[in-house]
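An overview of the molecular structure
Chain by chain, the residues:
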Amino acid sequence: MVGDGDRQELRAGDVLATKRREYDEDDVRVRPGRSSRPRTRTRPRHADAVEGFVIAVDRGRYTCVLSGAGPDAPLVTAMRARELGRKSVVVGDRVGLVGDTSGAPGALARIVRIAERTSVLRRTADDDETTAEGRLERVVVANADQLVIVSALADPPPRTGFIDRCLVAAYDAGIEPLLCLTKADLAGPEAVLGYYTELELPYVLIRPDSDLAALRALLAGRVSVMVGHSGVGKSTLVNRLVPEAERAVGTVSAIGRGRHTSTSAVALRLPAGPGAGGDTGWIVDTPGVRSFGLAHVSAESLLHGFPDLVEATVDCPANCPHTADEPDCALDAWVAAGKADPRRLASYRRLLASRSGEGDPREPERNPGDPLAGS
Ligand SMILES: Nc1nc2c(ncn2[C@@H]2O[C@H](COP(=O)(O)OP(=O)(O)O)[C@@H](O)[C@H]2O)c(=O)[nH]1
Ligand SMILES: [Mg+2]
């Protein structure tokens, strides 16, 4: 599909996958059924609770939609019930609500239960230390099915180190990644796609005039989280997907300091369209999230973002740290033998180093081969 000769035939908006190895059972990721009700271990009280989905969190107030409610149903504002203890509630959580769930002005419901999460995305530790919620809770979004990694092809130039970090976070969380390459009118995708040749990575190309049908089809019926650096065109894209969202374009969101609302994730309901069934899907915008934290991810799990390297490690000594100063690490020989791109190994080791606190966590996650112009 993406043979070297037909790159120029890529049509903006088409969904494609970077080429590489064969599928095996490990590639199959089973998504939990969307219809299954939240499971709770015991349900001694609140048998009358109704199910809701948390779409926004702001200063102790949770905006929820009731399960099955259409786009015109009123939103329910809720607070956490004391009995939840220290458990946090985040965007994407499926919760049990009691009290006034009418959504009438001034009505306040109570969240009494949080359903077991199918996935959890955490932000980096330095993203929001200014609020109590930020310091305590690093989970940004629960129950996401898909991570949409937005990268511009130019202005700002793509940073594969950032994309790699997002891929690791996605694979670690059991969330499917989708690479969304914007500003395809300004530059071609060849360099970025070349870097990911060995991965089975789905991607879409976006330009101002592109038809979004292929992207909409991938978003339909799922909870997708959008992440990307400032200026890559996230707000522009969200406004095209969800015109009512009216996200501010061209404004740099206050990043992580001071204004809690500007850093909160918010879930936006995708509009119904041809082919969209009952659940049209949700897109979660994460304006202040710089990147996803990997401190909790082991060196072995980090490799999940590098399926092109993982095979080599069977020849590593036990407990190999996979670092450059480990003489017996098999990754060096693997790359030397031409079995993987040396830039991929370098990127993996940069992520390893960033986890152990070496290097500046604010490094713009640029890999040596990335274009340097423009930022
Ligand atoms: N040439 C071009 N410019 C774009 C495209 N998408 C967005 N932009 C511009 O890029 C700038 C940043 O866009 P914005 O949506 O605010 O990015 P965000 O910071 O990721 O939300 C704005 O000036 C947009 O008009 C695109 O596909 N092509
Ligand atoms: Mg924006």
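Only a predicted model underlies this, so the values are computations on that prediction, with no experimental measurement involved.

So, the overall build of the protein
In terms of helices and strands, the protein carries ten helices and 14 strands. Counting only residues that meet the buried cut, the protein has 47% of its 375 residues in that class. Residue pairs in contact within the protein that sit at least 24 positions apart in sequence constitute 68% of those at least 6 positions apart. Entry remark: accessible area of the protein is about 18,100 Å², with carbon and sulfur atoms responsible for 51%.

Considerations on the pairing of strand β10 (residues 176-182)
Most of β10 is tucked away: six of the seven residues are buried. Pairing between strand β9 (residues 146-152) and β10: seven bridges, direction parallel. Opposite Q146, over in β10, you have E176 as the bridge partner. Two strands pair when backbone bridges link them, and β10 and strand β11 (residues 202-205) are joined in this way by three bridges, in the parallel orientation. Looking across to β11, one finds that L179 is bridged to Y203. Following the chain from β10 across helix α3 (residues 190-195) to the adjacent parallel β11, one finds a crossover that is right-handed.

Quick word on the pattern of salt bridges
Under the defined criterion, the tally for this structure stands at eight salt bridges. Two residues, D341 and R343, come together in a salt bridge whose shortest N-O distance is 2.7 Å. It is possible to trace a salt-bridge network through shared partners that takes in D164, D308 and R344.

Notes on the site of ligand 1
Near ligand 1, the surroundings consist of 15 residues, among which G231, K234, S235, T236 and G250 are the closest. Within the backbone of G233, one N or O atom sits 3.0 Å away from an oxygen atom of ligand 1. For the shell around ligand 1, a count of residues per class yields four nonpolar, seven polar and four charged.

What about the packing of aromatic side chains?
Tallied over the full model, the rule gives three aromatic pairs. Ring geometry for F53 and W282: centres 5.1 Å apart, planes at 50°, overall tilted. With F53 in strand β2 (residues 50-58) and W282 in strand β14 (residues 282-285), this residue pair connects regions lying 229 residues apart in the sequence. In this structure, F53 and W282 share a single accessibility class: buried. Seen in terms of ring centroids, Y195 and Y196 are 4.7 Å apart; in terms of plane orientation they differ by 90°. Their pairing is edge-to-face. No difference in accessibility class separates Y195 from Y196, as the two residues are buried.

Comments concerning the nonpolar core
Judged by nonpolar contacts, the single largest core of 75 residues is most densely connected at L147, L179, Y196, L309 and Y348. With nine residues, the single largest contributor to this core is helix α2 (residues 160-173). Excluding anything up to four places from it in sequence, L179 contacts I149, I163, V192, Y196, L201, P202, Y203 and V204. Among the nonpolar cores identified, the runner-up in size contains 20 residues, and C180, V232, L241 and V242 belong to it.

Here's the deal with the side chain of T313
Considering the arrangement of structural elements, one finds T313 in the loop between α8 (307-310) and α9 (330-336). The class for T313 is buried, based on a relative accessible area of 14%. Polar side-chain contacts of T313 include one of 2.7 Å to the backbone oxygen of V310. Contacts of T313, omitting those with residues within four sequence positions, involve L303, H322 and L331.

Some remarks on the UniProt feature "binding site: Zn(2+)" (unreviewed entry) in the protein
Sites flagged by UniProt as "binding site: Zn(2+)" (unreviewed entry) map to C316, C320, H322 and C329. Mapped onto the elements, C320 comes out in the loop between α8 and α9. Residues within four places of C320 in sequence aside, it is in contact with E300, E326 and C329. With respect to the secondary-structure elements, C329 resides in the loop between α8 and α9. Judged by relative accessible area, C329 falls into the buried class, the value being 4%.

Rules used in this analysis
Residues numbered from 1 in each chain as written. Chains lettered and ligands numbered in written order. Predicted model: local features only at pLDDT ≥ 70, side-chain atom pairs only at ≥ 80, totals over all residues. Heavy atoms only, no water. Helix = DSSP H or I, 4+ residues; strand = E, 2+ residues; numbered from the N terminus. Buried < 20%, exposed > 50% of the residue type's maximum accessible area, 1.4 Å probe, protein only. Contact = heavy atoms within 4.5 Å. Areas by Shrake-Rupley, 256 points an atom, 1.4 Å probe, with all protein chains shown as cover. Pairing = 2+ DSSP bridges. Right-handed = clockwise from strand over helix to strand, strands pointing away. Salt bridge = Lys/Arg side-chain N within 4 Å of Asp/Glu carboxyl O. Near = heavy atom within 4 Å. Polar contact = N/O pair within 3.5 Å; in protein donor to acceptor, adjacent residues only side chain to side chain. Nonpolar A, V, L, I, M, F, W, Y, C, P; charged D, E, K, R; others polar. Phe/Tyr/Trp six-rings, centres within 6.5 Å; stacked < 30°, edge-to-face > 60°. Core = buried A, V, L, I, M, F, W, Y, C linked by side-chain atoms within 4.5 Å. UniProt positions renumbered as here; feature names shortened; annotations may be inferred.

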